[in-house]
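If you want the building blocks of each chain, they are given just below.
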Amino acid sequence: MKKILLVALAAAAMVGCSQNEEIENAGQKAEINFSALVKNSTRALVVNQADFKSFKVYGYTTTEKIDAGITLTSFMPGVTVNKADGTDDWSYTEGPYYWPLTDYVQFFSVVPETSLTSDGGYPKFDYTVGVIGDQKDLIAANLKDQQKTSSALKLPFSHLLTQVNFSISGDKGFTYSLTDLELVGVKDKGTFTFDGTSTAGDWTDQQLTTPTPTVYKYSGSVDLISDGTNSTRLDSDDANALFMLLPQTIADEAVKVKVTYTAKITVGGQVTANNVTKEVAIPAVEWQKGKRVRYTLKLANDASQVTFGTPEWTDWSDATNGGGDVTVPQS
């Protein structure tokens with residue numbers, strides 16, 4: 001688990017009269033403070049402690065503990081918290097905000113920021129995963145039914161997408177060069193609803209954008225000199241081959257991987273598969289949020305070796321048309 005990121009939300013000004021009606025009296029004011037942690041963080045394009053420099057928190061008051069049909073009243077309308085470059089100091093310019101007298105406060109945050117809506121109870125948002133190279137690590141956190149405390153509230157951010165990674169392997173003695181890999185049939189949009197748990201919530205209504213779904217395609221260059229057991233990872237190229245996709249149930253034959261590659265014999269360099277494109281279905285599986293899955297594709301070399309079988313023999317026989325020796329007249 002990564003270090004807790006301490007976020008000090010310092011008071012910048014006195015609150016107005018309207019807010020004073022909802023907070024404790026002047027001698028008992030308790031300012032709301034936050035800390036945050038990012039769980040299961042990894043590398044590069046995935047949010048980690050070094051990359052996590054800003055988030056926006058939404059707070060809502062409720063007269064009762066949150067449940068379906070509970071009315072949420074806006075309390076902290078998207079307060080941006082920033083970390084100063086080169087420091088661990090976090091601050092915000094809005095506010096300050098103090099605990100209400102009796103109400104509960106519900107806190108929600110999504111990075112990158114997106115609009116939240118509520119039909120009563122927990123808020124939700126719609127999201128479409130972008131193309132490869134323009135994907136964001138989507139993280140979110142919520143804390144429910146909070147009341148006055150002197151401790152900083154820890155927002156436990158969780159990864160909401162699924163990392164889908166690919167490696168290539170092949171037959172011993174062949175060299176492979178992959179230039180394209182495309183996922184076909186992947187659902188690209190869905191609705192995320194908070195639920196007050198430590199994993200923030202869950203996805204529903206995953207579907208393909210119509211009429212044109214998002215294209216998830218890697219175009220680069222990945223090489224493998226195969227010894228029959230080794231493999232090469234596409235996601236070593238983070239910017240172009242790190243697939244962060246919507247969690248979903250993959251049914252049989254529903255999602256396919258289409259690859260374009262060249263194969264040649266390592267010794268001698270004879271090309272046996274020249275810029276061929278092949279397609280294979282992903283087995284049925286559940287892509288879960290915050291998880292990583294790796295598929296290793298064994299590329300065919302399409303080689304058909306030239307061989308020689310048992311020779312065919314025919315016996316000597318006399319010439320036809322009468323048989324016997326034929327005398328060729330001299331000129």
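Residues numbered from 1 in each chain as written. Predicted model: local features only at pLDDT ≥ 70, side-chain atom pairs only at ≥ 80, totals over all residues. Heavy atoms only, no water.

### Some details on the confidence of the model for the chain
As a reminder of what qualifies: A residue's pLDDT is the predictor's confidence in that residue, given on a scale from 0 to 100. Throughout, a contact is declared for two residues whenever any of their heavy atoms are within 4.5 Å.
Of all residues in the chain, 79% attain a pLDDT of 70 or more, and the chain-wide mean is 81. Confidence drops under a pLDDT of 50 for residues 1-27, and excluding neighbours within four residues, the segment shows 62 contacts in the predicted structure.

### Side note on the side chain of Asp 235
Note the following rule: Every helix listed is a DSSP run of H or I at least four residues long, and every strand listed is a run of E at least two residues long, numbered separately from the N terminus. Between buried and exposed lies partly exposed: a residue is buried under 20% and exposed over 50% of the maximum accessible area for its type, with that area taken using a 1.4 Å probe on protein chains only. Any pair of nitrogen or oxygen atoms within 3.5 Å is treated as a polar contact; in protein, a donor-acceptor pairing is required on top of that, and neighbouring residues in sequence qualify only through side-chain atoms on both sides.
Mapped onto the elements, Asp 235 comes out in the loop between strand E15 (232-233) and helix H2 (238-241). With a relative accessible area of 2%, Asp 235 lands in the buried category. A distance of 3.0 Å separates a polar atom in the side chain of Asp 235 from a polar atom in the side chain of Arg 233. Separated by 2.9 Å, the side chains of Asp 235 and Arg 294 make a polar contact.

### A word on the packing of aromatic side chains
What counts here: To pair, rings of Phe, Tyr and Trp, with the six-membered ring standing in for Trp, must have centres within 6.5 Å; the planes then decide the type, stacked if under 30 degrees apart, edge-to-face if over 60, and tilted in the middle.
Scanning the model with the defined rule gives 16 aromatic pairs in all. Relative to Phe 157, the ring of Phe 55 lies with its centre 5.7 Å away and its plane at 65 degrees, an arrangement referred to as edge-to-face. Here the residue Phe 55 occupies a position in strand E3 (residues 54-62), and Phe 157 occupies one in strand E9 (residues 153-159), the gap between them amounting to 102 residues. Taking the centre distance of 5.6 Å and the plane angle of 90 degrees together, the rings of Phe 192 and Phe 194 count as edge-to-face. Clustering of aromatic rings is evident, with ring pairs tying together Tyr 60, Phe 108, Tyr 122, Phe 125, Tyr 127, Phe 192, Phe 194 and Trp 203.

### Some details on the environment of Leu 143
Note on placement: Leu 143 falls in strand E8 (residues 139-146). Look at Leu 143 and you get buried, because its relative accessible area is 16%. In the structure, Leu 143 is positioned 37 residues away from Gln 106 in sequence and 6.0 Å away in space, judged by C-alpha atoms.

### So, the pairing of strand E18 (residues 256-265)
Stated precisely, the cut-off is as follows: Strands qualify as paired when DSSP identifies two bridges or more between them.
Judged from the ten bridges that link them, strand E11 (residues 174-184) and E18 form a sheet pairing that is antiparallel. Residue Asp 180 lies in a different strand from E18, and its bridge partner there is Thr 260. Connecting the antiparallel pair E18 and strand E19 (residues 271-281) is a turn made up of five residues, with Gly 268 showing a positive phi of about 105 degrees.

### Regarding the nonpolar core
Stated precisely, the cut-off is as follows: Here, nonpolar core refers to any group of buried Ala, Val, Leu, Ile, Met, Phe, Trp, Tyr and Cys residues whose side-chain atoms link them within 4.5 Å.
Judged by nonpolar contacts, the single largest core of 51 residues is most densely connected at Phe 125, Phe 166, Leu 181, Leu 183, Phe 194 and Phe 243. It is E11 that contributes the most residues to this core, five residues altogether. When neighbours within four sequence positions are excluded, Leu 181 is seen to be in contact with Phe 166, Tyr 216, Lys 217, Tyr 218, Leu 234, Phe 243, Val 257, Lys 258, Val 259 and Leu 297. Membership of the second largest hydrophobic core comes to 21 residues, among which are Tyr 92, Tyr 97, Phe 107 and Leu 153.

### Focus: the sheet that holds strand E7 (residues 124-128)
This is how the line gets drawn: Comment: axis = line fitted to C-alpha atoms, over the contacting stretch for helices; angle = value between 0 and 180 degrees taken between N-to-C directions.
An order of E7-E12-E13 is seen for the three strands of this open sheet, with the pairing classed as antiparallel. Across the chains shown, the open sheet's two edge strands, defined by having one partner strand only, are E7 and strand E13 (201-207). Put simply, the sheet's adjacent strands are angled 25 degrees from each other on average, direction ignored. Pairing of strand E12 (residues 189-194) with E13, which is carried by five bridges, proceeds in the antiparallel orientation. Bridging from a neighbouring strand, Thr 191 pairs with Thr 204 of E13.

### Section: the environment of Asp 137
Checked against the element boundaries, Asp 137 lands in the loop between E7 and E8. A relative accessible area of 5% means that Asp 137 is categorised as buried. Along the primary structure Asp 137 and Leu 245 are separated by 108 residues, whereas in three dimensions their C-alpha atoms are 9.5 Å apart. A polar side-chain atom of Asp 137 sits 2.8 Å from a polar atom in the side chain of His 159.

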